[in-house]
Amino acid sequence: MVGRIKYNVMNDQELEHMKSRMEQLLIERGVHLDHDEMLEELAKVGCIVDMDSKNVKFTKELIKQAVDAVPKKFTLYSPSGKYDLEFPNPTGCFYTRTNTGAPNYRNIKGETHYTTLEEVDEWYKITNVMENLDYVTIPSTSGEYVPGDAVDVYTLEKALKHSAKHIWVQPYETDNVNFLIEMAQAAVGGAEEFRRRPIMSMISCSVPCLTYKHMDAEAMLRSAKAGVPVQPCSLPTAGANTPVTAQGTAFLACAEVFAQIVMLELIAPGLPVIATTLLFSMDMQTTYTLQSNTEITIARLICMELFERGYNIRAHSYGTGTDSLCMDAQNFIERTNLIDAMAMSEASVLGGAGQLETAKTVSPLQLIIDNEIFGIAKRIRAGLAVDDETLDWDEVIAGIDQDPAFSFLMSEHTFRHYTEAHRPDMFNRDGVTNWERGGSKTLEEKALEKFHAIMAAEDTYALDADKAAEVEKVLKRAHAALVKD
Amino acid sequence: MSILNEISELVIKGDIAGTKAKVAEAVEQKVDAQVILNQGLMPGINEIGERFAKGLIFVPNVLLSAKAMNSGVEVIQPLLASGGETTIGTAVVATVKGDLHDIGKNLVALMMRSANLKVIDLGANVGADKFIAAINEYHPDIVGLSALLTTTMNEQGNIIRAFEAAGVRDKVKVMIGGAPVTQMWADKIGADAFTADAAEAARWAKNYATSK
C-alpha cells in the first residue's frame, strides 16, 4: 500500500474509552488556568468558570463545538516561501522539526557548553539545507550572551533573519509573548499579512496535572487573537507528576493538550492547532527523567492515534532522541527504535532532531545524522505499492531472465525504477577495501565532513533587509521594555 | 528474633501498619523509646539506604520504608526525652523565583525525608526574602535551591548574594541542583554543593548533618 505503513496500538473500543474518559475529565474535573483575562473570555463563550479558584470546566456541547472548529486543512508557512507545510501532508508523510529547549550545545570538538549566538547562526545554516527537516525551533541561547530577560526575543530575531523554514517558538516570559508575535509579524510585512501567512507558530505548555500557568495562558490568548497557529504541548513525566503507567501518562498528556485545543478554538474558531504530546518517564532507581523508555514510546503512539484517528486533529510527538549522553550505540538504538515506531504511527509531525541527553543538549553532528534517519523513516512511512508494474510482472512472466545474457541490471524495468531506492547520503554502501581506501570513515566522521561543507558554502537564505530592519526595531523596543539592568 | 529486629525488618519491608503495631508492642513491653529508635527503626532505614545505594531496590521502596519508619516514630515521639529529636538535621528547599518546575525539588524533599532529615518545602517560584525568613524561623542546616532553566538559574546566585547581604550566609550550607546546573556553576556562584540528582542530594545532606 502506498501512503502509509501503519499499525494501531489501540483497538476501536480502547480509543473510544480513552476519548470518553478524557472528555469526562474536562467536564467533571476541568482545568486550572492562571489568567483572569482568558478565564473571562472562556466564561463569555459558556465555560463554567470559577474566578476565585481559577478553575474552568467545559460542557460536552462546547467540546464538540471546539473540535468542529479545528481546521481540517491549514498551512504553516515558511519565511522563504520554499518550505510551506500543508496539513494534512498531501503525500501522507509526516513533517519533522528540530529539538527545542535544550540549554546545552555540543560543538564539533565534542565540547558541551551553554549555547552561544554564533551557534544559533550555525544551527540555522545547517537546518536550511537539511532536506528531510521541515521546520525549526529556537535554540535556548544562554543568558550569558543575551539579556536573560529576553533570551527568546533575541534568539527569534536570529531565526527570522536566517531560517528559511517555519519557526516554532517557545516563550520564556509572559511579557515577551507579544514581542515575539510582533517580531514575526514584522518579518512578513505586518499583522494582516502574518494572519494570512503565519511563518511562526507558538508553543504553549501545561503543568501536570491539568494546570496552565500565566505565561502559557498568555501565549495561548495572544496567539489566538493574532492568528498565530499553536502547537499546544504537555510534557508529563510518568511516575513523577503523572501516573506511573505509560497509559495513564498518555491519558493525562492528551487531556492537557485537548483542553488547550478546546480553549483555543472556543476563543478563536478555526485557529490552526497541532496536538503535541511529549512524554517522559522517571526511572524508578535513578529518578532521572527519561525520553526513551519502551512503554513511553508506545504511549506516544496512543497519543497520536487519539488525536488523528479519534478527532481528526493533527498530532505531533518526539520522533528522535536518546537518553544517552553521546553518539554511542545506545543513542542510535534508542533513536531508531523510536523513529521506526513513530514512522508507522498516525503522527503528522515528529520532532527532536539534533538532541542528546534527553533533549538537554543539541549537537550539529547529531542534527546532520538525524536528517538521514528522518529520510529513512519518511521512506518507511510512504510504503510500497503492489501492482503489476512494481512486481515486474511482464518481464517475469515472459521469462526474460532465462536468456543467459540477461541481467536485471539492464532491464527496462530497472531503468524505470532504479532511482527509487532510498539511499542515505552518509551511510556506507561499499565493501571493506574501498572503505579503507576512503579513510575508514565512521558515520560521525562523515557527518563532520558534511558540517564543514555546509559551513564553507554560501548562506542559502537571509531575510530581506527592509524586513530585517523592522524586526530589529521590534527587538529594540522589546529590549527597552523587558531587560532590567 | 528480638522485637527490635522485627521492627527493623518491618521497616525494610515497608510495612506501615505492621511497624506501627510492633513499635506499640515494644512500648508495651517497656522497651525504652530511644532504644526503639536507635536499635529498631534506624537500622531498618539505614539498611534500605544501603540497598538503594547498591542499586538493589527502587525509589518507591525507599519511600515506603520511610513511611513505615515515620509511623513508628509517631508512636514513640511523645515518649522521647524532652526535646528528643528524631531527625538528624533540617533542610529548606524550593525552586527559585521565576521557575515553576518542581519535580526535582519534590524528589529531593522526599529523599531527604527518607534520609531522616526534617524538610521545609517552600514550593516553587520562591524569592530570596522567603528563603531568608525560613532560615531565621527554622534554622536549617542546609538550603536547597532548584532551577530548571538557564534563564532562572541566575537566581541561584542572586539568592546567595541576598543571604550574604542579610547576614545569614554563614548559618547554612547552600546546595544547588537542576537540569542546567553544573559543578562549574556552583563554584562560580559560591554554592557549597552541587548534586546531580535527588539521591545524591539526600546522601550529601545526610553526610553533612551527621558529621557537623
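Analysis parameters
Residues numbered from 1 in each chain as written. Chains lettered and ligands numbered in written order. Predicted model: local features only at pLDDT ≥ 70, side-chain atom pairs only at ≥ 80, totals over all residues. Helix = DSSP H or I, 4+ residues; strand = E, 2+ residues; numbered from the N terminus. Buried ≥ 20, exposed ≤ 12 C-beta atoms within 10 Å, placed from the backbone. Rg over C-alpha atoms; globule rule 2.2 N^0.38 Å. Contact = placed C-beta atoms within 7 Å. Pairing = 2+ DSSP bridges. Axes fitted to C-alpha atoms, helices over the stretch in contact; angles between N-to-C directions. Core = buried A, V, L, I, M, F, W, Y, C linked by C-beta atoms within 7 Å. Domains from an automatic or database assignment. Nonpolar A, V, L, I, M, F, W, Y, C, P; charged D, E, K, R; others polar. pLDDT = per-residue confidence, 0-100. Parallel < 35°, antiparallel > 145°, perpendicular 65-115°, else oblique. Left-handed = near helix turned anticlockwise from the far one by under 90°.

A.B. asks: Now, about the overall build of chain A: what can you tell me, with residues and values included?
C.D. replies: Along the backbone of chain A there are 18 helices and 21 strands. Judged by the C-alpha coordinates and their principal axes, chain A covers about 85 × 55 × 50 Å. In chain A, which comprises 485 residues, the share counted as buried stands at 49%.

A.B. asks: Describe the overall build of chain B, naming the residues involved and giving the relevant values.
C.D. replies: Secondary structure summary: chain B contains 9 helices and 5 strands in total. Taking 17 Å as the expected radius of gyration for a compact globule of 212 residues, we find that chain B reaches 18 Å, a close match to that expectation. Across its three principal directions, the C-alpha atoms of chain B cover 55 × 35 × 25 Å. Taking all 212 residues of chain B together, 50% fall into the buried category. Summarising the internal contacts of chain B: among those between residues at least 6 apart in sequence, 74% fall at separations of at least 24.

A.B. asks: Give me the sheet that holds strand β1 (residues 90–95) of chain B: which residues, what numbers.
C.D. replies: Residue and element names in this part refer to chain B. Judged by pairing direction, the sheet is parallel, and its 5 strands sit side by side in the order β2-β1-β3-β4-β5 without closing on themselves. The strands lining the two open edges of the sheet, one partner per strand, are β2 (118–121) and β5 (193–194). Of the strand pairs in this sheet, β1 and β2 are connected by 4 bridges, and their pairing is parallel. Bridging across to β2, Val-93 finds its partner in Asp-121. Sitting on the sheet, helix α5 (residues 103–114) is in contact with β1, β2, β3 (142–146) and β4 (173–177), with an inclination near 170° to β1. Set on the sheet, helix α9 (residues 198–211) makes contact with β1, β3, β4 and β5; between it and β4 the angle comes to about 170°.

A.B. asks: Got a sec to walk through helix α1 (residues 3–13) of chain B? Specific residues and values, please.
C.D. replies: Residues and elements named next belong to chain B. Listing the buried residues of α1 in full gives Leu-4, Ile-7, Ser-8, Leu-10, Val-11 and Ile-12. Contacts from the buried residues of α1 go to α2 (16–28), α3 (33–53) and α4 (59–76). Just downstream of α1, Gly-14 is the residue with a positive phi angle, here 75°.

A.B. asks: Got a sec to walk through the nonpolar core? Specific residues and values, please.
C.D. replies: By size, the foremost hydrophobic cluster in this structure holds 175 residues, and its most contacted members are Met183(A), Cys254(A), Ile261(A), Val262(A), Cys303(A), Met112(B) and Ala205(B). Leave out the neighbours within four places in its chain, and Cys254(A) touches Met22(A), Thr277(A), Cys303(A) and Leu306(A). One finds Ile7(B), Leu10(B), Ala66(B) and Met69(B) within the second-largest nonpolar core, a separate group that totals 24 residues.

A.B. asks: Can you tell me about the domain arrangement of chain B, naming the residues and giving the values?
C.D. replies: Residues and elements named next belong to chain B. Annotation of chain B at the domain level lists domain 1 (3–79) and domain 2 (90–211). The centre of domain 1, based on its C-alpha atoms, is set 28 Å off from the matching centre of domain 2. Tallying the contact residues gives 5 residues for domain 1 and 5 residues for domain 2. Among the elements that take part in the side of domain 1 that touches domain 2, α4 stands out by supplying 3 residues, more than any other. Each residue belonging to the side of domain 1 that touches domain 2 can be placed in one class, and the counts come to 4 nonpolar, 1 polar and no charged.

A.B. asks: So what's going on with the confidence of the model for chain B? Which residues, and what values?
C.D. replies: Taken as a whole, chain B shows an average pLDDT of 92; of its residues, 98% reach a score of 70 or greater. The complex prediction reports pTM at 0.90, with the ipTM value standing at 0.78.

A.B. asks: A description of the domain arrangement of chain A should follow, citing residues and the corresponding values.
C.D. replies: Domain boundaries assigned for chain A yield domain 1 (66–382) and domain 2 (388–419). Taking only C-alpha atoms, the centre of domain 1 of chain A and the centre of domain 2 of chain A are 45 Å apart.

A.B. asks: With reference to specific residues and values, describe the environment of Gly270(A).
C.D. replies: All names here are of chain A. Examined against the element boundaries, Gly-270 turns out to sit in the loop between α9 (246–267) and β15 (275–277). For Gly-270, a count of 11 C-beta atoms within 10 Å gives the class exposed. In the structure, Gly-270 is positioned 57 residues away from Lys-213 in sequence and 24 Å away in space, judged by C-alpha atoms. When neighbours within four sequence positions are excluded, Gly-270 is seen to be in contact with Ala-69 and Pro-71.

A.B. asks: Now, about the packing of helix α5 (residues 151–162) of chain A against helix α18 (residues 465–482) of chain A: what can you tell me, with residues and values included?
C.D. replies: Residues and elements named next belong to chain A. Between α5 and α18, the shortest axis-to-axis distance is 10 Å and the interhelical angle comes to 175°. Relative to α18, the element α5 lies roughly antiparallel. Counted together, Val-153, Glu-157, Leu-160 and Lys-161 of α5 and Ala-468, Val-471, Leu-475, Ala-478 and Leu-482 of α18 form the full contact between these two elements.

A.B. asks: Break down unusual backbone geometry for me, citing the residues and quoting the values.
C.D. replies: Residue Pro88(A) is reached from Phe87(A) by a cis peptide bond, and omega for that bond is -5°. Mapped onto the secondary structure, Pro88(A) falls in the loop between β5 (85–87) and β6 (95–98). Cys209(A) follows Pro208(A) through a cis peptide bond whose omega is 0°. Among the secondary structure elements, Cys209(A) is positioned in the loop between β11 (200–205) and β12 (211–212). Phi at Asn312(A) takes a positive value of approximately 55°, unusual for a residue other than glycine. One can find Asn312(A) in the loop between α10 (294–311) and β18 (315–318). Positive phi, normally seen in glycine, also occurs at His139(B), with a value near 50°. In this structure, His139(B) sits in the loop between α6 (128–138) and β3.

A.B. asks: Please provide a residue-by-residue account of the interface of chain A and chain B, values included.
C.D. replies: Contact residues are listed per partner, giving 19 residues for chain A and 15 residues for chain B. Taken together, the residues of the side of chain A that touches chain B sort by class into 8 nonpolar, 9 polar and 2 charged.

A.B. asks: Any details on the packing of α10(A) against helix α11 (residues 329–343) of chain A? Residues and values, ideally.
C.D. replies: All names here are of chain A. One way to put it is that α10 packs onto α11 with a least axis distance of 10 Å and a crossing angle of 25°. The angle between α10 and α11 falls in the class roughly parallel. In terms of crossing hand, the pair formed by α10 and α11 is right-handed. Residues Thr-297, Arg-300 and Leu-301 of α10 form the contact with α11, whose own contacting residues are Asn-337, Leu-338, Ala-341 and Met-342. In terms of residue class, the contact of α10 with α11 is made up of 4 nonpolar, 2 polar and 1 charged.

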